[in-house]
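Below are the chains, spelled out letter by letter.
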Amino acid sequence: MRKNLAIWIFVIVSLFILQKSASSQTLYFCEGVTDNGKPITPSSTFNIPSGGGYFYFLVKLPYEVGCYSVDYVIYKENSRGKMVYNTTISQTDMTSSWTWFWKKVTFYDDGYYRVDVVDCYSNTLTSSYVTINYQ
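Source: prediction; values computed, not measured.

This part is about the confidence of the model for the protein chain. On average, the protein chain scores 89 in pLDDT, and the residues at 70 or more come to 83%. Counting contacts from residues 10-22, a segment whose pLDDT is below 50, to residues more than four positions away or on other chains yields zero contacts.

Applying the stated rule across the entire model yields twelve aromatic pairs. The interplanar angle of 80 degrees and the centroid separation of 6.2 Å between the aromatic rings of Tyr 75 and Tyr 85 together place this pair among those described as edge-to-face. One end of the pair, Tyr 75, is in strand β6 (residues 70-77); the other, Tyr 85, is in strand β7 (residues 83-91), with ten residues separating them in the sequence. Each member of the aromatic cluster is reached from another via a ring pair, and the members are Phe 29, Phe 46, Phe 55, Phe 57, Tyr 72, Phe 107 and Tyr 113. It is Lys 104 that lies over the ring of Tyr 54; its NZ or CZ is 4.0 Å from the centre.

Criteria and thresholds
- Residues numbered from 1 in each chain as written.
- Predicted model: local features only at pLDDT ≥ 70, side-chain atom pairs only at ≥ 80, totals over all residues.
- Heavy atoms only, no water.
- pLDDT = per-residue confidence, 0-100.
- Contact = heavy atoms within 4.5 Å.
- Phe/Tyr/Trp six-rings, centres within 6.5 Å; stacked < 30°, edge-to-face > 60°.
- Helix = DSSP H or I, 4+ residues; strand = E, 2+ residues; numbered from the N terminus.
- Lys NZ or Arg CZ within 6 Å of the ring centre and 35° of its normal.

Quick look at the structure:
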């Protein structure tokens, strides 16, 4: 009896964890976005020419964004390994009911970056890291 109870508890906890991870906010870096919001060739590393190159930020949420704009706050790792503020890119062409959205972004410098997606209430929706190398 105790063994069956332990198995059921394990199954319930596992399903809870899977449900939570399946409904989390996600920031993808990708080469494109399909019409139904799927990332095309997602990656955490991109190679760009020395004159600059672009890829897409795709944000997927388990809820409506509730804002008409978001900011992508970008930090770059310095020579001491610390993330320092680099720039902010705003996306203002949004609808508050969106659960996913994307932005084409051009980078000119190689390095290791963190991108925070911040809503109109200053809440961080999601964050992720990307490495950019020169070709």
